[in-house]
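Each chain, written out:
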Amino acid sequence: MHRADHHQPAAARPFRLLVTGGGTGGHTYPALTAVRTLRARLGAAGQGLEVLWVGTAEGLEARVAANEGIPFATVATGKIRRSSNPLKMASPANVRDMFRVVRGILQARKVVADFAPDVVLATGGYVAVPVGRAAGRCGAPLVVHEQTVRLGLANRMLARIAARFAVSSESTVPLLPEGARARAVVTGNPVRPEVFHGVPAKAVEALGLYGFDPHLPTVYVTGGAQGSLQINGLVEEALPWLLTGANVVHQCGAAHADGLRARAAALPPHLAARYLVTPFVGPELPDVLALADVVVSRSGAGTIAELTALGKASVLVPLASSAGNEQAHNAGHLQDSGAAVALLGEVTADGLCRAVAPLLSDPSRRAEMAHRARAQGRPDAAERLVDVLLEAAAAK
Ligand SMILES: CC(=O)N[C@H]1[C@@H](OP(=O)(O)OP(=O)(O)OC[C@H]2O[C@@H](n3ccc(=O)[nH]c3=O)[C@H](O)[C@@H]2O)O[C@H](CO)[C@@H](O)[C@@H]1O
């Protein structure tokens, strides 16, 4: 599988995509969606697709690639902690990590040269840096995709060498380094196709929601892939009120499910029957989203892309410490267009109840918000990103 293959006519051999990125769901799922969409597009034209994913062994991407049957390779990564103090720069952890960085660069060059991709897609995370740079050296066009409005560090480091820089929002373009702006394309943030095909009744069956009251709206509470301690605390305090007017599915992360279950068990049985707490929502996520009338959530880029593509009324509680405060930015941006309510700054259970109450009691209000959310969505983001990948490969 080497360079000689390039002399064959394009249709005679499979298209070769090297994907790199991961760490969080936010970086991993858009890459997975791009792979599936590209495979479908090429398949319709009678061409095959070979994919290699380069990520970290401990990241979500390793599991996702394994489930999807995508060959997976790792390269060493390290974190260089900058400091004005030379002694700190020479700390054992930093020196060890510097060696890892150098090793990662050499490994990445070999992986990219051996696979000889038609195009490399980088979706963020430390691992994407050596691989993206190796693409430049090996003559493979690099497409970077940024999910958030603000640029992630890895993507910023790759911006200058990217053949195309795909962004999820127009407002990211002016934030790109000057030389990269002309190569920016607004694609949106790809949403997994199955998210569009949820069926409420399937969520009831999969999660056993038989105690839910069908006459009441359903709230889906989610803290992002890991759950959110802050949101869990707010919802726990608000539960006795919340359950008088709604059913609640609460995704809480691995650490807190038992405490929340105990709390619910102490409620009157007719209220407890309207509450389902679960550490993580797996394949039934599309069905849960379809069931939800209102979503209470962190404002990570992946979640926002899903809520807007579907058109869901939401109350957003941004992660205050997200890089560059990007979650507050995402939430504020939606609130400005009436597409969500953003709870910024100090948030109390009372504040959460006041934000949720009008959406529960007034269906026309949540329909209006859902409509405005959908206007912000980009359900065709995966197709647009695939356009960019194919164009970059063709322009080589
Ligand atoms: C803590 C942190 O660093 N957060 C960042 C991380 O978000 P993080 O990856 O945590 O969150 P996102 O909102 O981007 O994506 C979460 C994804 O996981 C899915 N999901 C979540 C819970 C669940 O039970 N089941 C499930 O399938 C969601 O539907 C979504 O598709 O990357 C995002 C994209 O770069 C950033 O915007 C976030 O600021």
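The numbers attached to residues start from 1 for each chain and follow its sequence in the written order. Only residues with pLDDT of 70 or above have their local features reported here, since the model is predicted, and side-chain atom pairs are shown and tallied only from 80 upward, although totals for entire chains, interfaces and linings are computed over all residues. In computing side-chain values, all of the structure's heavy atoms are included and hydrogens and water are not.

UniProt positions are given in the numbering used here, feature names are shortened, and annotations may be inferred rather than shown by experiment. Listed under Pathway (unreviewed entry) in UniProt, the entry text for the protein is "Cell wall biogenesis; peptidoglycan biosynthesis." Looking at the protein in UniProt, the text filed under Subcellular location (unreviewed entry) is "Cell membrane".

Chemist: An account of a nonpolar patch on the surface is requested, with residue identities and associated values reported.
Modeler: A patch is a set of surface residues, each over 30% in relative accessible area and not in a salt bridge, joined within 9 Å for like charges and within 5 Å for the nonpolar side chains Val, Leu, Ile, Met, Phe, Trp and Tyr. A 1.4 Å probe and the Shrake-Rupley method give the accessible areas. Residues count as covered only by the protein chains that appear here. When a carboxyl oxygen of Asp or Glu lies within 4 Å of a side-chain nitrogen of Lys or Arg, that pair is called a salt bridge. Together, Val102, Ile105 and Leu106 make up a nonpolar patch on the protein surface, roughly 250 Å² of accessible area in all. In this description a helix means any DSSP run of H or I spanning at least four residues, a strand means any run of E spanning at least two, and both kinds are numbered starting from the N terminus. Mapping Val102 onto the fold places it in helix H4 (residues 92–115). Buried residues are those whose accessible area, probed at 1.4 Å on protein chains only, stays under 20% of the maximum for their type, while exposed residues exceed 50% and partly exposed ones sit between those limits. Residue class for Val102 comes out partly exposed when judged on its relative accessible area of 47%.

Chemist: How would you sum up empty space enclosed by the protein? Please name residues and give values.
Modeler: Of the grid points, spaced at 1 Å and generated over the protein atoms alone, those admitting a 1.4 Å probe that cannot get out make up cavities, while open sets with protein on both sides within 12 Å along at least five of seven lines make up pockets; any residue with an atom within 4 Å of a point is treated as lining. Grid points are joined across faces, edges and corners, and a volume is the space filled by probe spheres set on the points. In this structure the tally under the stated criterion is one cavity of 30 Å³ or more. Looking at the largest cavity, the residues that line it are Val219, Val221, Val235, Ala238, Leu242, Val296, Leu352 and Val356. For the lining of the largest cavity, the elements supplying multiple residues, two or more each, are strand S8 (218–222), helix H9 (229–245) and helix H15 (349–361). With three residues, the top contributor of residues to the lining of the largest cavity is H9.

Chemist: Quick one: what's the story with the domain arrangement of the protein, residue by residue and with numbers?
Modeler: Entries for the protein in the domain assignment read domain 1 (3–190 + 379–394) and domain 2 (193–376). Per the annotation, domain bounds derive from an automatic or database assignment of domains. Put simply, the middle of domain 1 and the middle of domain 2, counted by C-alpha atoms, are 31 Å apart. Any two residues having at least one pair of non-hydrogen atoms within 4.5 Å are treated as being in contact. Contacts between domain 1 and domain 2 engage nine residues on the former and twelve residues on the latter. With both sides pooled, the region where domain 1 packs onto domain 2 buries about 950 Å², and carbon together with sulfur makes up 59% of that total. Put simply, buried area is the surface a 1.4 Å probe can reach on two separate parts but cannot reach once they are joined, added for both. Of all residues in domain 1, the largest losses of buried area upon contact with domain 2 belong to Val149, Arg150 and Pro379, amounting jointly to 44% of the total for that side. Linking domain 1 with domain 2 are one salt bridge. With a shortest N-O distance of 3.1 Å, Arg36 and Glu194 are connected by a salt bridge. The term polar contact refers here to a pair of N or O atoms within 3.5 Å; inside protein, the definition further demands a hydrogen-donor-capable atom paired with an acceptor-capable atom, and it admits residues adjacent in sequence only when both atoms are side-chain atoms. Applying the counting criterion to the domain 1 and domain 2 interface returns three residue pairs in polar contact (both at pLDDT 80 or more). Of the residues in the side of domain 1 that touches domain 2, the class split is two nonpolar, five polar and two charged. For this classification, Asp, Glu, Lys and Arg are treated as charged, while Ala, Val, Leu, Ile, Met, Phe, Trp, Tyr, Cys and Pro are nonpolar and the rest, including Gly, are polar.

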